[in-house]
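Single-letter residue listing:
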Amino acid sequence: MILIIDYNVGNLYNLKNALDFQGLDNRIVTRPEELKGATHIILPGVGAFRPAMEHLRENGMDQAVREAVASGVPFLGVCVGMQLLFDESEEDGPSQGLGLIPGRIIRFTGQGSNGTRLKVPQMGWNKVNWQRDDPLQEGIPDGNYFYFVHSYHAEPEHPEDTLGLTDYGEVFPSVVRRGNVWGAQFHPEKSQNPGLRLLKNFSALRPQ
Amino acid sequence: MLAKRIIPCLDIKEGRVVKGVSFLGLRDAGDPLELAMRYNEQSADELVFLDITASHENRGLTLDLASRLARVLFIPFTIGGGISTIEDIHRIVTAGADKVSLNTAAVKNPTLVSQGAERFGSQCIVVAMDVKKTGDHWEVYTHGGRTPTGIDAVEWALEVERRGCGEILLTSMDQDGQQSGFDLEITSQISSRVNIPVIASGGGGTVDHFYDALTTGKADAVLAASVFHFGTLPVPELKQSLHDRGLCMRLVTQNGNQAGA
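Reading guide: rules and limits
Numbers given for residues are sequential positions, taken from 1 along each chain in its written order. Chain labels run from A onward and ligand labels from 1 onward, assigned in the order the entries are written. Residues qualify for local features only when their pLDDT is at least 70, as the model is predicted, and side-chain atom pairs are given and counted only at 80 or more; totals for whole chains, interfaces and linings, by contrast, use all residues. The side-chain numbers reported here are obtained from all heavy atoms of the structure, hydrogens and water having been left aside. Each helix is a run of DSSP H or I of at least 4 residues and each strand a run of E of at least 2, with the numbering of both proceeding from the N terminus. Throughout, radius of gyration means the C-alpha value; the globule benchmark is 2.2 Å times the number of residues raised to the power 0.38. Between buried and exposed lies partly exposed: a residue is buried under 20% and exposed over 50% of the maximum accessible area for its type, with that area taken using a 1.4 Å probe on protein chains only. Two residues qualify as a contact provided that any one of their heavy atoms is within 4.5 Å of a heavy atom in the partner residue. Under the convention used here, a 1.4 Å probe and the Shrake-Rupley method define accessible areas, while residue burial counts only the protein chains that appear. Basic side-chain nitrogens of Lys or Arg form a salt bridge, by our definition, when they fall within 4 Å of a carboxyl oxygen of Asp or Glu. Only protein atoms enter the 1 Å grid used here. Points where a 1.4 Å probe fits but cannot escape make up a cavity, open sets with protein on both sides within 12 Å along at least five of seven lines make up a pocket, and a residue lines them when an atom lies within 4 Å of a point. Grid points are joined across faces, edges and corners, and a volume is the space filled by probe spheres set on the points. Any residue that is not Ala, Val, Leu, Ile, Met, Phe, Trp, Tyr, Cys, Pro, Asp, Glu, Lys or Arg is counted as polar, Gly included; the first ten are nonpolar and the last four charged. Only strands joined by at least two bridges in the DSSP assignment are considered to pair. Axis angles are defined between N-to-C directions and span 0 to 180 degrees, where every axis is a line fitted to C-alpha atoms and, for a helix, only to the segment in contact.

Q: Please give an account of the overall build of chain A that cites residues and values.
A: Scanning chain A from N- to C-terminus turns up five helices and 14 strands. In summary, chain A has a C-alpha radius of gyration of 16 Å against a globular reference of 17 Å for 208 residues, a match within 12%. The principal-axis extent of the C-alpha atoms belonging to chain A is close to 50 × 40 × 30 Å. Within chain A, the fraction of its 208 residues that count as buried is 61%. Taking the intrachain contacts of chain A between residues at least 6 apart in sequence as the baseline, contacts between residues at least 24 apart amount to 69%. Counting only carbon and sulfur atoms, one obtains 47% of the accessible surface of chain A, whose full area is about 7,700 Å².

Encoded structure:
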C-alpha cells in the first residue's frame, strides 16, 4: 500500500490516478499516525516551499515523515515534495526543510548558454540523464522526457545523492536519492509512460 | 534542453467534441476521451479543451469529462471556456484538470487571475488573449473575439504576469483559421517582454509556420486545431520535421516503454 500524504497543498488526485491506472494499491492520508506501518510513502507538493513546509509542520506530519524515513520505508518526494527533503530553500528568504538530504534549494539563474535568456519557471518537457543504475530507473531509457514546472532546484551537498541530471541552461539534479529517500523534481504523474513506469518502479522498492 | 511543445486544441460542447475531426479508425470522432487518447499516443505534449457549451446547466458535463480524462491521460491538460469565478476554477481543478484558461473573465475581473494563482499556484492559471492588429498595436478582444476592449495586448500580458498568471495563450484573430502562418510580430513582442511561457495560436498550416512561430516568434509552445484534427499535419510528423530542422522536440520514440495496464 502506497500512502500519499495530503497536507493541503494542491491536487493529489492526479498522482492517485496514475497509481490507480496501474493497479497499484494506494491511499491518501492526512494524519501523522496513519504513516505507521506504511510500506511506501509519497510526499507530493506544488506551490511555494515555505507554506508547504508550514502545512507539513501544522499537525506534526514532519516528525512522522522523519520517523517513517528512519524506519527504512521507501519514500518519494515529488516536485516541491522533493525540495522539502533538503535542509533549506532560498525561496522567500531562507526556510528550513525536512533535512533528510543535505543541501539546499536555489533559484534558476535564467541564463542559457551563450548568454540567452531562459524563462523562469521552467515549464514543459525536459530530458533526464541518469547518472548510475537505480531500481527507480528500471525500464526507463536514459534521456527520456519528463514534465517539469518549477523555478527552484536542488543543490545537494554530496554529488553521490544525485541520480538524474537535467539541463535548463544550468545542469541541475532532477532525481535524487539518499538511502531510502528518493526525490523527483518533475511530475511523474504527468510524464506519460516514463512517469508511470517510475511510479511502478517505486512501488516495487523494498525497505532499505 | 526544454522541448518546444505541440498542443492540439479541442472544442467541446456539452461534453462532446465539435467541429469535424477526421482521425482514421476512430469509432466516434465526437468522443473527447477517445480523441485525447489518440493525441496522447501521438506524443502531443499537452491538450487544451475549450468548452463552448452555451448554457450554464450543461457545464457539469465538462467537469465529468475532466475527471474521466484525468483517470487515463497522463500528460497535462487545460480546460477553458466559461470560467468566471474562483469556485469554477476549484471545480475544474478538483475534477482533475492541471490548468484552467481564463479569457473574458480575466479582463472583466483581473483579481480572478491573482486569486487563482494564489490559491492554485501560477502553474494552474493560463490567460488566453484574443488579439487583433489595429494600426501599429494589437488590441485585446473578449467574448470569443466579438468585443474590443481598448486594452493593449503587450500591456495586458505584462499585467497578467504581474498578477501571477503562469502562461499566456495568445491567439491572433487576424490569422486564426487562415492557415497562413502565426502572427510572428505580436508573439515575439509579448514573448520577449514576459518571463512566462507564451503559446502561439491562430494560423498554423504548414511545418514552416510552426517553425517560424517557435524561432522568429519566440513562442515556447504552439497550439492548433484543424491541421491536427483533419490529419493534414499529424503531430508525430510535425514534431519529427521540427526536430530535423534543429528544434528540441519530444518525439514518439522518446516516450519510453508502455507502462501499466
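Q: So what's going on with the pattern of salt bridges? Residues and values would help.
A: Should the charged atoms of two oppositely charged side chains come close, the side chains can pair. Following the criterion strictly, the structure yields 23 salt bridges over all chains and no others. Note that aspartate 62 of chain A is salt-bridged to arginine 66 of chain A, the shortest N-O span being 3.5 Å. Of this pair, aspartate 62 of chain A and arginine 66 of chain A both sit in helix H3 (residues 61-70), four residues apart, which is roughly one turn of that helix. Residue aspartate 62 of chain A is classed as buried on the basis of its relative accessible area of 11%. The salt bridge involving lysine 133 of chain B is made with glutamate 185 of chain B; its shortest N-O contact spans 3.8 Å.

Q: If you had to explain the layout of surface pockets to someone new, which residues and values would you point to?
A: Residues and elements named next belong to chain B. Approximately 1,100 Å³ is the volume attributed to the second largest pocket. Residue lining of the second largest pocket: 41 residues in total, with Leu50, Ile52, Asn103, Asp130 and Gly144 positioned closest to the centre. Contributing elements (two or more residues each) for the lining of the second largest pocket: strand S1 (5-13), strand S3 (47-51), strand S5 (99-102), helix H4 (104-108), strand S6 (125-134), strand S9 (167-172), strand S11 (221-224) and helix H9 (226-229). Of the residues belonging to the lining of the second largest pocket, the class tally is 14 nonpolar, 19 polar and eight charged.

Q: Tell me about empty space enclosed by the protein, and please be specific about residues and values.
A: Residue and element names in this part refer to chain B. Within the structure shown, the criterion is met by one cavity of 30 Å³ or more. Taken together, Ile7, Glu46, Val48, Thr78, Lys99, Val126, Glu167, Leu169 and Ile199 form the lining of the largest cavity. Taken together, the residues of the lining of the largest cavity sort by class into five nonpolar, one polar and three charged.

Q: Talk me through the sheet that holds strand S2 (residues 26-29) of chain A; I want residue IDs and the actual numbers.
A: All names here are of chain A. With mixed pairing, the eight strands of this open sheet are ordered in space as S2-S1-S3-S4-S14-S13-S12-S9. This sheet does not close on itself; its edge strands, each paired only once, are S2 and strand S9 (129-130). Note: strand S13 (residues 170-178) against strand S14 (residues 181-184), four bridges, orientation antiparallel. Bridge pairing in S14 places valine 175 opposite alanine 184. The sheet strands contacting helix H1 (residues 13-21) are strand S1 (2-5), S2 and strand S3 (40-43), and the helix crosses S2 at an angle near 165°. Across the sheet, helix H5 (residues 192-203) touches S1, S3, strand S4 (75-78) and S9, and the angle it forms with S3 is around 140°.

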